[in-house]
Amino acid sequence: MSGMRPGIIILREGTDTSQGKPQLISNINACQAVADVVKTTLGPRGMDKLIFDGRKVTISNDGATIMRLLDIAHPAAKTLVDISMSQDAEIGDGTTSVVLLAGSMLKAVKPFVEEGVHPQIIIRNVRAAAKLAVQKVRELSVPYDIHTKEGYEMLIKCASTSLNSKLISGHQDLFSPMIVEAVKSLADADALDDIKSLVAIKKIPGGDVRSSFLVRGVAFKKTFSYAGFEQMTKKFENPKILLLNVELELKAEKENAEVRIEDPAEYQSIVDAEWQVIYDKLDACVKCGANIVLSKLPIGDLATQYFADRGLFCAGRVDDADLKRVSKATGGTIQTTTNGLYDGILGTCGRFEERQVGDERFNVFEDCPQSLTCTMVLRGGSEQFIAESERSVHDALMVVKRCLKSKAVVAGGGAVEMEVSKYLREHALTIEGKGQLIISAVAKSLEVVPQQLCDNAGFDATDILSALRRKHSQDSDGKWYGVDIEEGSICDTFETGVWEPSDNKCNSIAAASEAACVILSIDETVVNPRSQDPGATGAAGSASMLQQQKPLSNMMGNAMDAVNAQKGGSRSGNLGNGVSYLKGRGGG
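Cut-offs used in this document
- In this numbering scheme, every chain counts its residues from 1 along its sequence in written order.
- A pLDDT threshold of at least 70 governs which residues receive local features in this predicted model, and a stricter bar of 80 or more applies before side-chain atom pairs are shown or counted, although totals over entire chains, interfaces and linings include all residues.
- No hydrogens and no water enter the side-chain calculation; it runs on all heavy atoms of the structure.
- What counts as a helix is a DSSP run of H or I of at least four residues, what counts as a strand is a run of E of at least two, and both are numbered from the N terminus.
- For the exposure calls, accessible area comes from a 1.4 Å probe over protein chains only, and a residue counts as buried if that area is under 20% of its type's maximum, exposed if over 50%, partly exposed in between.
- Contacts were defined at the residue level, with two residues in contact if any of their heavy atoms lie within 4.5 Å.
- Every axis corresponds to a line fitted to the C-alpha atoms, with the helix fit spanning only the stretch in contact, and the corresponding angles, defined between N-to-C directions, vary from 0 to 180 degrees.
- Each angle gets one of four labels, with under 35 degrees taken as roughly parallel, over 145 as roughly antiparallel, 65 to 115 as roughly perpendicular, and the rest as oblique.
- When the near helix sits turned anticlockwise from the far one by under a right angle, the crossing is termed left-handed; a clockwise turn instead gives a right-handed crossing.
- Residues were grouped as follows: Ala, Val, Leu, Ile, Met, Phe, Trp, Tyr, Cys and Pro as nonpolar; Asp, Glu, Lys and Arg as charged; and all remaining residues, including Gly, as polar.
- Two strands qualify as a pair provided that DSSP identifies no fewer than 2 bridges between them.
- Known as pLDDT, the predictor's confidence for each residue is given on a scale from 0 to 100.
- Polar contacts here mean pairs of N or O atoms no more than 3.5 Å apart (in protein, one a potential hydrogen donor and the other a potential acceptor; neighbouring residues in sequence count only if both atoms are side-chain atoms).
- Residues belong to one nonpolar core when they are buried, are Ala, Val, Leu, Ile, Met, Phe, Trp, Tyr or Cys, and are joined through side-chain atoms within 4.5 Å.

Remarks on the overall build of the protein chain
Tallying secondary structure elements over the protein chain gives 19 helices and 22 strands in all. Across the 588 residues in the protein chain, those meeting the buried criterion constitute 52%. Taking as baseline every contact in the protein chain between residues at least 6 positions apart, the subset at least 24 positions apart corresponds to 75%.

Topic: the packing of helix H1 (residues 20-38) against helix H4 (residues 95-114)
Running from N to C, H1 and H4 cross one another at 150 degrees; their axes reach a closest spacing of 9 Å. Classified by the angle their axes make, H1 and H4 are roughly antiparallel. Two packed elements cross with a definite hand, and for H1 against H4 that hand is left-handed. For the pair H1 and H4, contact is made by Lys21, Leu24, Ile25, Ile28, Asn29, Cys31, Gln32, Ala35 and Val38 and by Thr96, Val99, Leu100, Gly103, Leu106, Lys107, Lys110, Val113 and Glu114, respectively. Of the residues assigned to the contact of H1 with H4, the class counts are 10 nonpolar, four polar and four charged.

Section: the sheet that holds strand E17 (residues 408-411)
Spatial strand order, E5-E17-E20: three strands in an open sheet with antiparallel pairing. The open sheet has two free edges, formed respectively by strand E5 (142-143) and strand E20 (499-501), since each of these has just one partner strand. Pairing geometry for E5 and E17, over two bridges, is antiparallel. Within E17, the residue paired with Val142 across the bridge is Val409. Set on the sheet, helix H6 (residues 149-164) makes contact with E17 and E20; between it and E20 the angle comes to about 95 degrees.

Topic: the confidence of the model for the protein chain
Low pLDDT marks stretches whose predicted atomic positions should not be read closely. In this model, the protein chain carries an average pLDDT of 81, and 86% of its residues clear a pLDDT of 70 or more. Across residues 533-557, where pLDDT falls below 50, the model places 30 contacts with residues more than four positions away in sequence or in other chains. Confidence drops under a pLDDT of 50 for residues 562-588, and excluding neighbours within four residues, the segment shows 59 contacts in the predicted structure.

Topic: the side chain of Glu500
As for its placement among the helices and strands, Glu500 is situated in strand E20. The exposure class of Glu500 is buried, given its relative accessible area of 14%. Here Asn504 takes part through its side chain, which lies 3.5 Å from a polar atom of the side chain of Glu500. Beyond its immediate chain neighbours, meaning those up to four positions away, Glu500 contacts Cys158, Thr161, Ala408, Val409, Val410, Gly412, Gly413 and Lys505.

Here we look at the sheet that holds strand E16 (residues 374-380)
The mixed open sheet is built from three strands, whose spatial order is E6-E16-E7. Across the chains shown, the open sheet's two edge strands, defined by having one partner strand only, are strand E6 (199-205) and strand E7 (213-215). Strand after strand, the sheet turns through a mean of 20 degrees between neighbouring axes, direction not considered. In the packing of helix H12 (residues 383-406) onto the sheet, the strands contacted are E6 and E16, and the crossing angle to E6 comes to about 160 degrees.

Observations regarding the packing of helix H5 (residues 119-140) against helix H13 (residues 415-428)
What describes two packed helices is the angle between their axes and the distance between those same axes. Axis separation between H5 and H13 bottoms out at 10 Å; the angle between their running directions is 125 degrees. In terms of their interaxial angle, H5 and H13 are classed as oblique. Like other packed secondary-structure pairs, H5 and H13 cross with a definite hand, here right-handed. Along its contact with H5, which presents Ala129, Leu132, Ala133, Lys136, Val137 and Leu140, the element H13 presents Val416, Glu419, Val420, Tyr423, Leu424 and His427. Its residues assigned to classes, the contact of H5 with H13 comprises nine nonpolar, one polar and two charged.

Things to note about the nonpolar core
Core analysis: the largest hydrophobic core is formed by 117 residues, its most contacted members being Leu80, Ile122, Phe175, Ile179, Val393, Leu397 and Leu424. The contacts of Phe175, once residues within four sequence positions are left out, are Leu163, Ile168, Val209, Ser212, Met376, Leu378 and Val393. Ranked by size, the runner-up nonpolar core spans 39 residues in total, among them Phe236, Ile241, Leu248 and Cys288.

In structure tokens, the structure reads:
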């Protein structure tokens, strides 16, 4: 008895811990369940998801949007959300592919975990396979000169490939040139990194999607206006533009202000002084030679009428991002005072007009001296359609930006994945030990992209994958062969113009392998109860009840059910061990 050690409690009561092989397999199952949710959205024939969060309905097939809106409760599965977000921020496209690849890699190495191979051996070989795959993609990539006509066509095809899987895929001929033109104007000015702030996307419900247009300059919705606005001049050629962060409004006296006077005439002098302050500001704006006055703060009815009488145009409460965009495009400087205004701080543009677009009126600045900014005005029948169009255009903008930076492309349609898979298989034969099997498994996991493209299009994936393997292994010219979505067979996707920036594929493979390695490196999961939460003991109680009903091998499942119980009841499902935790908001 003297050799027995007493039980030591380190963690607070209600804490649930899971260790060893069962919880690692549970984490892999959870990640596979997340990948299964988004896999049907991949490719030109991918389906959309409708997500209702209690307030707003979102219809999308964009992987990053879906992952962000899903309320994923499983702590390990949230890693896939992170890689999807990083892919969206870094590349803009390929957010579904990266989740699918990570889930497929984990599925491929799961048998090794079950057979007792040490996770560190698996991680080492997965990293080695990913490094070889990225190197192979860089070797396969085709460089091009963006300043030639062929380079321009390359950008158009990359934008079209990105739009292929989107809701507006039928209107590539309209959107692709618009997107390329917007991004090329930034590339010429070496301002690609500011693409999100310099290229604005405005949404106007109503009308046909083909009524969408590109403004080579700045356009923003008419702001709140006062009496006298309709008397203003709404069209100027080569105007001078004054940008302010000043309130041009007569301020009312504060309720708690106290002014002591001995003569009623003195009160009049106070009122006159207040009016004089606003008139001095307005006179300064007119005297500096401006034709258009824009302010981030309100421009009141007095100022509106004053400017209208003198043939000026004004707009107050202009959005901060729009005002900065006007400043960049016109060369004007935003002023915080009306004192000392001079000609050098004024901006200019070739043409300004207030234009009717659908039910809205837009202030449009065109032919700006700095060709830095562009505004895309999107039209469509419903709010959800326009929102999805905006996400599609954003993805295509980021893809073209990445093309201009990497200046190299690879073929899409699963071609590059099949070629890299063949290369890894051949490399695996040159090494000995367990690594050979693990690298072969990673090679097979890359085939998930062409396989899912076939499944989503309703084709027989087995036949097409067999044809692709044969073509890539036997024919010297077969490296660019991928899935032909139109005919249900295989084709040279480089010839058919399905192109993607090489950085897209490199980042997808690297991020997916890193996520897989993070999941495999977890050897213990600890779920702490919420501190000072009256429901914490109830959660612990429900966890103990669940333990009586379920086998001990499902310890991770109990931990997750306990977490869900805190949030209003556990979820049920037949997704496998510990994988009933993907909780969509508003799903019922």
